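A structural walkthrough
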Amino acid sequence: DAGVTQSPTHLIKTRGQQVTLRCSPKSGHDTVSWYQQALGQGPQFIFQYYEEEERQRGNFPDRFSGHQFPNYSSELNVNALLLGDSALYLCASSFRAGGSYNEQFFGPGTRLTVL
Amino acid sequence: RKEVEQDPGPFNVPEGATVAFNCTYSNSASQSFFWYRQDCRKEPKLLMSVYSSGNEDGRFTAQLNRASQYISLLIRDSKLSDSATYLCVVNSFGNAGNMLTFGGGTRLMVKP
């Protein structure tokens, strides 16, 4: 049973460019959350997708957007990249059962470097 | 003030030592609590949930004090393999979803 997978593993972009990161959830999971982890800090919540809609959002600008597909996979898009967007981007999947929230399993992350 | 605060460490301890980590959180509406472990350049992995009644898993004991908004993790008989960053995590439920809020992590280094 494959866990959470993310692609690409590493990415280098320049300021002002746009980037798309991808996530496939663990089998049986229907909810995907995205986090940004800067070096030496804990992960910060970006947003959560369920039933193809953004359900919860953290304190991130509109440059950060996402999408969830019918197969539950998800994309994170970041426009107009800034140097400060350099970080490890983590995807976490979970499933909802009867309205309760279950453990989030993290993927290995995509390391984004903005030059 | 950060929503979840931890001492960043590092805590340098010898094998076999007992070490304790503490964490405070500011959102009194937070509903569930966890400790995650993160190895260098890897993803976080759930170590254990934290309950008011205390929770023990082998050498690890976690405790929650809701009144003080304080969470602790105790590691007994430390092993070299316990060297990692320990993240205190608070789960909050919104109208339509939930979010994990992480502390900055406490780095533990266990030496032979």
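One structure accompanies this document, and this report is about it. Numbering of residues starts from 1 in each chain and follows the order in which that chain's sequence is written. Just so you know, chain letters begin at A and ligand numbers begin at 1, following the order they were written in. Local features in this predicted model are restricted to residues of pLDDT 70 or higher, and side-chain atom pairs are both shown and tallied only at a pLDDT of 80 or more, whereas totals for entire chains, interfaces and linings draw on every residue. No hydrogens and no water enter the side-chain calculation; it runs on all heavy atoms of the structure.

Points about the pairing of strand β8 (residues 74–78) of chain A
All names here are of chain A. Inclusion rule: Accessible area is worked out with a 1.4 Å probe on protein chains only. A residue is then buried under 20% of its type maximum, exposed over 50%, and partly exposed in between. Helix and strand assignments follow DSSP, with helices taken as H or I runs no shorter than four residues and strands as E runs no shorter than two, numbered in order from the N terminus. For two strands to pair, DSSP has to find at least two bridges joining them.
For β8, a buried count of five out of five residues is recorded, marking the element as mostly surrounded by other parts of the structure. Burial of the side chains of β8 extends over both faces: Ser74, Leu76 and Val78 are buried on one face and Glu75 and Asn77 on the other. Sheet analysis places strand β3 (residues 19–24) next to β8, joined by five bridges and oriented antiparallel. Bridged to Leu21 within β8 is Leu76.

A word on the interface of chain A and chain B
Our working rule: Every residue pair with non-hydrogen atoms within 4.5 Å of one another is taken to be in contact. As a working definition, buried area equals the accessible area (1.4 Å probe) given up by two parts on being put together, with both sides summed. Whenever a carboxyl oxygen of Asp or Glu lies within 4 Å of a side-chain nitrogen of Lys or Arg, that contact is scored as a salt bridge. We define a polar contact as two N or O atoms separated by no more than 3.5 Å, with the added condition that, inside protein, one atom must be a possible hydrogen donor and the other a possible acceptor, whereas residues neighbouring each other in sequence contribute only through side-chain atom pairs. Residues are sorted three ways: Asp, Glu, Lys and Arg are charged, Ala, Val, Leu, Ile, Met, Phe, Trp, Tyr, Cys and Pro are nonpolar, and all the rest, Gly among them, are polar.
Across the contact, 19 residues belong to chain A and 18 residues belong to chain B. Both sides together, the interface formed by chain A and chain B hides about 1600 Å², and carbon and sulfur atoms give 54% of it. Linking chain A to chain B there are zero salt bridges. Taken together, the links from chain A to chain B amount to four residue pairs in polar contact (both at pLDDT 80 or more). Going through the elements one at a time, β4 (31–37), β5 (44–50) and β6 (53–57) of chain A are the ones with two or more residues in the side of chain A that touches chain B. By residue class, the composition of the side of chain A that touches chain B is seven nonpolar, eight polar and four charged.

Re the pattern of salt bridges
Residue and element names in this part refer to chain B. Evaluated as defined, the whole model comprises eight salt bridges over all chains. Here Lys79 ties to Asp77 by a salt bridge, and the two come within 2.9 Å at their closest N and O atoms. Assessed through its relative accessible area of 33%, Lys79 is described here as partly exposed. The exposure class assigned to Asp77 is partly exposed, which follows from its relative accessible area of 36%.

Details of the state of the cysteines
Such a bond, covalent and formed between the sulfur atoms of two cysteines, is termed a disulfide. Keep this limit in mind: To count as a disulfide, a pair of cysteine sulfur atoms needs to be within 2.5 Å.
Applying the stated criterion to the full structure yields two disulfides over all chains. The residue that forms a disulfide with A:Cys23 is A:Cys91, at a sulfur-sulfur distance of 1.8 Å. For the disulfide bridge between A:Cys23 and A:Cys91, the dihedral angle about the S-S bond is near -55 degrees, and by the sign convention the bridge is left-handed. Linking A:Cys23 in strand β3 with A:Cys91 in strand β9 (residues 87–94), this pair joins segments that are 68 residues apart in sequence. Overall, A:Cys91 belongs to the buried group, its relative accessible area being 0%. Between the sulfur atoms of B:Cys23 and its disulfide mate B:Cys88 the distance is 2.0 Å. Torsion about the S-S bond of the B:Cys23 and B:Cys88 cystine: about -75 degrees, corresponding to left-handed handedness. Taken together, the positions of B:Cys23 in strand β3 (residues 19–25) and B:Cys88 in strand β9 (residues 84–93) put the pair 65 residues apart, joining distant regions of the chain. For B:Cys23, a relative accessible area of 1% corresponds to the buried category.

What about the packing of aromatic side chains?
Threshold: Paired rings are identified among Phe, Tyr and Trp, the last through its six-membered ring, by centres lying within 6.5 Å, and are further divided according to the angle between planes into stacked (under 30 degrees), edge-to-face (over 60) and tilted (the rest).
Summed over the entire model, instances satisfying the criterion amount to twelve aromatic pairs over all chains. Consider the rings of A:Tyr35 and A:Phe45, whose centres lie 5.6 Å apart with planes at 65 degrees: the pair is edge-to-face. With A:Tyr35 in strand β4 and A:Phe45 in strand β5, this residue pair connects regions lying ten residues apart in the sequence. Taking relative accessible area as the criterion, A:Tyr35 reaches 0% and is therefore assigned buried. Both rings, one in A:Phe106 and one in B:Tyr36, keep their centres 5.8 Å apart while their planes meet at 85 degrees; by these two values the pair is edge-to-face.

Focus: the sheet that holds strand β8 (residues 70–75) of chain B
All names here are of chain B. To be explicit about the condition: For helices, the axis comes from a line fit to the C-alpha atoms of the stretch in contact; other axes are also lines fit to C-alpha atoms, and the angle between any two N-to-C directions lies between 0 and 180 degrees.
Within the open sheet, the five strands sit side by side as β1-β3-β8-β7-β6. Their pairing is antiparallel. If you trace the sheet from one side to the other, it starts and ends with β1 (4–6) and β6 (55–57), each paired once. For this sheet the average axis-to-axis angle between neighbouring strands, irrespective of direction, equals 15 degrees. Where β6 lies against strand β7 (residues 60–65), three bridges are found, and the strand directions are antiparallel.

Observations concerning the environment of A:Gln17
All names here are of chain A. Within the secondary structure, Gln17 sits in the loop between β2 (10–13) and β3. For the pair Gln17 and Ser86, spaced 69 residues apart in sequence, the C-alpha separation works out to 12 Å. Discounting chain neighbours no more than four positions away, the residues touching Gln17 are Val78, Asn79, Ala80 and Leu81. One polar contact links the side chain of Gln17 to the main-chain amide nitrogen of Thr14, over a distance of 2.9 Å.

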